[in-house]
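Each chain, written out:
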Amino acid sequence: MIATQSLREQVAWACRILAVEGYTDLTLGHVSARAAGESVVQIKRRGVGLDEVELDDVVQLDLAGGAGFDSPEMHLEAVLHTEVYRARPDIGAVVHGHPPYATALAATEARLELLTHYAVLFKDGIARYNESADLITEPEQGQAVARALGSHRAVLLRNHGVLVAGKDVAWAVLGAVTLERAIAMQSVAGSLGRLRPIPPDWAERLYPEKYTDRLVEEYWASWIRRVQRFSARPGNAPGASEERT
Ligand SMILES: [Zn+2]
């Protein structure tokens, strides 16, 4: 399904999916994507919530010429995206947001434990950006975040939020949603008793069995059906559905 959608459509869907998965923070949080080898980045514009993004709310930034940066529609933290793309040619999509559990973990010294299948997606660990709690508005700050991310899938931004990267939009969304679930489960487990993490060799075995392109494709189609039940699809006027009431 995702293969038939334009990058712009994918970004709009990703915003809606992240909204139903707990990433909504009024108009904050953004998703971007770029095609392999391209310098044009499709990114959610400033001023709309993730849950109300339409196709027209996805705007362009040019990594090569810098066009788009000065637009009043551009998020202040667009450099988070552009500097990760510059540092990681393997990355095709970036999510930045302030989801409650991951943002809370980013305000602690606690680490993500391998407690659930969700956490297994991050078996190689998650990165931390601890240099400041500021908004990331300057290219130098974006570069520091990209350096902190390194080869990881996700980086916790101290006292701020998360950045999750993926080879494409569906994998970035999977990472963003799964990170939040993994941390939420850790938070619940910690209140129940002593933690019993998955041994690393079990996680190594589980990972390739579970996290495949096929699963991500399946999830993407399911997420879209879910968004359709709760709202209208990007490009259509939002309207109430029976499921909403
Ligand atoms: Zn932010």
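No experiment lies behind these values; they were computed from the predicted model shown.

> Tell me about a nonpolar patch on the surface, residues and numbers included.
A contiguous nonpolar patch, built from M185, V188 and L192 and spanning about 300 Å² of accessible area, is present on the exposed surface. If you trace the backbone, V188 turns up in helix 6 (residues 169-192).

> Can you tell me about the coordination of the zinc ion, naming the residues and giving the values?
The protein atoms donating to the zinc ion are E77 (OE), H96 (NE2), H98 (NE2) and H160 (NE2), with metal-donor distances spanning 2.1 to 2.3 Å. In this structure, the zinc ion is surrounded by four donor atoms whose angles at the metal cover 89 to 153°, and the resulting shape is irregular. Within one chain, the residues serving as donors to the zinc ion are arranged as E-x18-H-x1-H-x61-H. Of this pair, H96 sits in strand 4 (residues 93-97) while H160 is found in the loop between strand 6 (154-157) and strand 7 (161-166), placing the two residues 64 residues apart along the sequence. Residues H96 and H160 agree in their burial class; the two are buried.

> Which residues make up the sheet that holds strand 6, and what values go with them?
Taking strand neighbours across the sheet as the criterion, the seven strands line up as 3-2-1-4-7-6-5 in an open arrangement whose pairing is mixed. The strands lining the two open edges of the sheet, one partner per strand, are strand 3 (58-62) and strand 5 (127-129). Here the average twist between neighbouring strands, direction ignored, is 20°. Pairing analysis gives three bridges linking strand 1 (residues 30-34) to strand 2 (residues 40-44), with the strands arranged antiparallel. Counted as the bridge partner of A33 is Q42 from strand 2. The strands touched by helix 5 (residues 139-149) are strand 5, strand 6 and strand 7; relative to strand 5, the strand with the most contacts, the crossing angle is about 155°.

> Just give me the short version of the packing of helix 1 (residues 7-23) against helix 8 (residues 213-230), but keep the residues and values in it.
Where helix 1 contacts helix 8, the two axes come as close as 10 Å, and the packing angle between them is 70°. Put simply, helix 1 runs roughly perpendicular to helix 8. Counted together, Q10, W13, A14, R16, I17, V20 and E21 of helix 1 and W220, W223, I224, R226, V227 and Q228 of helix 8 form the full contact between these two elements. Grouping the constituent residues of the contact of helix 1 with helix 8 by class yields eight nonpolar, two polar and three charged.

> With reference to specific residues and values, describe the pattern of salt bridges.
Between side chains of opposite charge, a pair can form when the charged atoms approach closely. Scanning all chains against the criterion turns up 12 salt bridges. Of the charged contacts in the structure, one is a salt bridge between E113 and R111, with a shortest N-O distance of 3.4 Å. With a relative accessible area of 19%, E113 lands in the buried category. On the basis of relative accessible area, R111 is assigned to the exposed category, the value being 58%. Between K123 and D124 there is a salt bridge, and its shortest N-O distance comes to 3.2 Å.

> Describe the confidence of the model for the chain, and please don't skip the residues or the numbers.
Mean pLDDT for the chain: 92, with 94% of residues reaching 70 or above. Ignoring residues within four places in sequence, the model shows residues 237-245, a span with pLDDT below 50, making 10 contacts including any to other chains.

> Summarise unusual backbone geometry; cite the residues concerned and give the values.
Positive phi is not limited to glycine here, since L26 has a value of about 50°. Turning to its location among the elements, L26 is positioned in the loop between helix 1 and strand 1. A positive phi angle, close to 55°, is found at N159, a residue other than glycine. By the secondary structure assignment, N159 is in the loop between strand 6 and strand 7. On the accessibility criterion, N159 (41% relative accessible area) is partly exposed.

> Quick one: what's the story with the pairing of strand 7, residue by residue and with numbers?
When you tally the buried positions in strand 7, you get six out of six residues, the bulk of the element. With five bridges joining them, strand 4 and strand 7 adopt antiparallel strand pairing. In the sheet register, G97 faces strand 7, and the bridge partner there is V162. Bridge analysis of strand 6 against strand 7 gives four bridges, and the strand direction is antiparallel. Along strand 7, the bridge assignment pairs A154 with V164.

Quick notes on the rules
- Residues numbered from 1 in each chain as written.
- Predicted model: local features only at pLDDT ≥ 70, side-chain atom pairs only at ≥ 80, totals over all residues.
- Heavy atoms only, no water.
- Patch = residues over 30% accessible without salt bridge, like charges linked within 9 Å, V, L, I, M, F, W, Y side chains within 5 Å.
- Areas by Shrake-Rupley, 256 points an atom, 1.4 Å probe, with all protein chains shown as cover.
- Salt bridge = Lys/Arg side-chain N within 4 Å of Asp/Glu carboxyl O.
- Helix = DSSP H or I, 4+ residues; strand = E, 2+ residues; numbered from the N terminus.
- Donors = N, O, S within 2.8 Å, 3.2 Å for Na, K, Ca; no water.
- Tetrahedral: all angles 85-135°; square planar, octahedral: opposite > 155°, others 65-115°.
- Buried < 20%, exposed > 50% of the residue type's maximum accessible area, 1.4 Å probe, protein only.
- Pairing = 2+ DSSP bridges.
- Axes fitted to C-alpha atoms, helices over the stretch in contact; angles between N-to-C directions.
- Contact = heavy atoms within 4.5 Å.
- Parallel < 35°, antiparallel > 145°, perpendicular 65-115°, else oblique.
- Nonpolar A, V, L, I, M, F, W, Y, C, P; charged D, E, K, R; others polar.
- pLDDT = per-residue confidence, 0-100.

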